Amino acid sequence: MSNPTPPPDATEIMTVVHDAVGGLELEPAEKREIWRFVQRELPYLWSQRTSYFILGSYRDPYIRRLRAVQNELTKQLGAYPFILGDLVELPVSRLNAFDIMFSLLATYSDYIVGIFEKESGGEASELGEIDDSPYFEKSYVFPRDYTWFTDTNLESEYHIIQAAIEIAFADDLTTEEKEREISSLMDRARDHDIDFVKQDIWDTIAERETENNGVATYSWVHLNKFRKFELHGRCFPWTTVQELRTVVSELPAPTPRPSWEDQKE
C-alpha cells in the first residue's frame, strides 16, 4: 500500500492530533495511519454538504435514538449526519484512537449533536468535551427527561409525560397508588388547560417498562452542563422518540439552500 500524501492543511490537522495525544511524538507508522484516516473521512466534512457529528451511546436500545436522529437529518437535502461508531477504526494501538478520531471529526464538522439518556458511558466524557471551547459554539444537546430544577410547573404535554414517568417508576408507591397519582396529574393538567393525549402518556410509560429504562437521571454536573446549553438556546429536552424526531428540526438547516427554494411560481 502506498504511503498517503499529507493534505495542504497538514499543519493545522497535526496541531489537532498533537493536542489530542497530549503532545506525544508520533511514530512514522502512526502518522501514515492518521493520514489515511484523514483522506478517507475528512473529505466528507470538507464537502459542500452540512455535516452533523452525532454523539451518544452505541448500546441497544440507545443506539436506536441515534439512528432516529440520523434518519431525520438524512431527509434534509445537503445534510451529512454521521456516527463515529460507523467509521473504520484508526489502527494506532499505542495511542488513544478515539481521542484522535473524535478531535478531528469534532473540529471539522459543522455541528455536533449530543443525544443523552444517562450519566454513564462514553457519552458522559463527550459532554465534557463539547461544553467548552473549541466545540461549544457548534454543539447542541438533546437530553431525555431533562428539566432544570427550578422548572416545577406543568406547562406542556412534555412536562406531564415526564412527571407521569417519575410517578410510574417511584419505588415507594404501589401499582394502585401510581395509577391514582397519574390520574390526578392528568386532572390537574386539564384544570390548567394543557393539551395532551392520555394514551400518549400510558404508551410512553409502557415503552419505558418494555425497555427497562425508567426515568433518565443525571448528576449535578450533567444538569449544570445541560443548563449552560439551555441558556444559550441549544438544549432540547425530549421524552418520546417522536418528540426527539420533532426537536431535531431545531438544528440549523443545511447551507447553502438550493436556489430553487427561492423561486416564485
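Read on for a plain summary of the structure. (Residues numbered from 1 in each chain as written. Predicted model: local features only at pLDDT ≥ 70, side-chain atom pairs only at ≥ 80, totals over all residues. Heavy atoms only, no water.)

1. Topic: the side chain of Lys138
Part 1 of the reasoning: Counting through the fold element by element, Lys138 comes out in the loop between helix H5 (122-130) and strand E4 (139-143).
Part 2 of the reasoning: Despite being buried, Lys138 has no salt bridge partner; Asp110 is the closest side chain of opposite charge, sitting 6.7 Å away.
Part 3 of the reasoning: Not counting chain neighbours up to four residues away, the residues in contact with Lys138 comprise Ala106, Thr107, Tyr108, Ser109, Asp110, Tyr111 and Ile112. (Helix = DSSP H or I, 4+ residues; strand = E, 2+ residues; numbered from the N terminus. Buried < 20%, exposed > 50% of the residue type's maximum accessible area, 1.4 Å probe, protein only. Lys, Arg positive; Asp, Glu negative; His and termini not counted. Salt bridge = Lys/Arg side-chain N within 4 Å of Asp/Glu carboxyl O. Contact = heavy atoms within 4.5 Å.)

2. Structural notes on helix H9 (residues 220-231)
Part 1 of the reasoning: Between the first and last C-alpha of H9 there are 16 Å, a value that for 12 residues agrees with the 16 Å anticipated at 1.5 Å per step.
Part 2 of the reasoning: Among all positions in H9, only His222, Phe226 and Phe229 are buried. The buried residues of H9 occupy one face: seen down the axis, they fall within an arc of 55 degrees. In H9, the exposed positions angled more than 90 degrees off the buried face are occupied by Trp220, Val221 and Leu231.
Part 3 of the reasoning: Looking one or two places after H9, you find Gly233, whose phi comes out positive at around 75 degrees. (Expected span 1.5 Å × (residues − 1). Arc of directions from axis to C-beta.)

3. Here's the deal with helix H7 (residues 175-191)
Part 1 of the reasoning: With 17 residues, H7 should cover 24 Å at 1.5 Å per step; its first-to-last C-alpha distance of 25 Å lies within 8% of that length.
Part 2 of the reasoning: When we look at burial in H7, the residues that qualify are Lys178, Ile182, Leu185, Met186 and Ala189. The buried residues of H7 occupy an angular sector of 95 degrees when the element is viewed end-on, so they sit on one face. Across from the buried face of H7, at angles greater than 90 degrees, the exposed residues are Arg180 and Asp191.
Part 3 of the reasoning: Packing partners of the buried residues in H7 comprise helix H6 (157-168) and helix H8 (198-211).
Part 4 of the reasoning: Asp193 sits one or two residues past H7 and shows a positive phi near 60 degrees.

4. Observations regarding the pattern of salt bridges
Part 1 of the reasoning: Evaluation of the coordinates by the stated rule reveals 15 salt bridges.
Part 2 of the reasoning: Close ionic contact of Glu137 with Arg234 constitutes a salt bridge, the shortest N to O distance being 3.7 Å. Taken together, the residues span a long stretch of sequence, with Glu137 in the loop between H5 and E4 and Arg234 in the loop between H9 and helix H10 (241-247) at a distance of 97 residues.
Part 3 of the reasoning: Taking the shortest distance from any N to any O, the salt bridge between Arg227 and Glu230 comes out at 3.1 Å. With Arg227 and Glu230 both in helix H9 and 3 residues apart, the pair spans about one turn of that helix.
Part 4 of the reasoning: Judged by its relative accessible area of 31%, Glu230 is partly exposed.
Part 5 of the reasoning: Taken together, the shared-partner salt bridges connect Arg65, Glu117, Arg144 and Glu207 into one network.

5. Notes on the environment of Leu127
Part 1 of the reasoning: Inspection of the secondary structure assignment puts Leu127 in helix H5.
Part 2 of the reasoning: Each C-alpha atom, one on Leu127 and one on Phe226, is 9.0 Å from the other, the two residues being 99 residues apart in sequence.
Part 3 of the reasoning: Beyond its immediate chain neighbours, meaning those up to four positions away, Leu127 contacts Phe116, Val141, His222, Lys225, Phe226 and Phe229.

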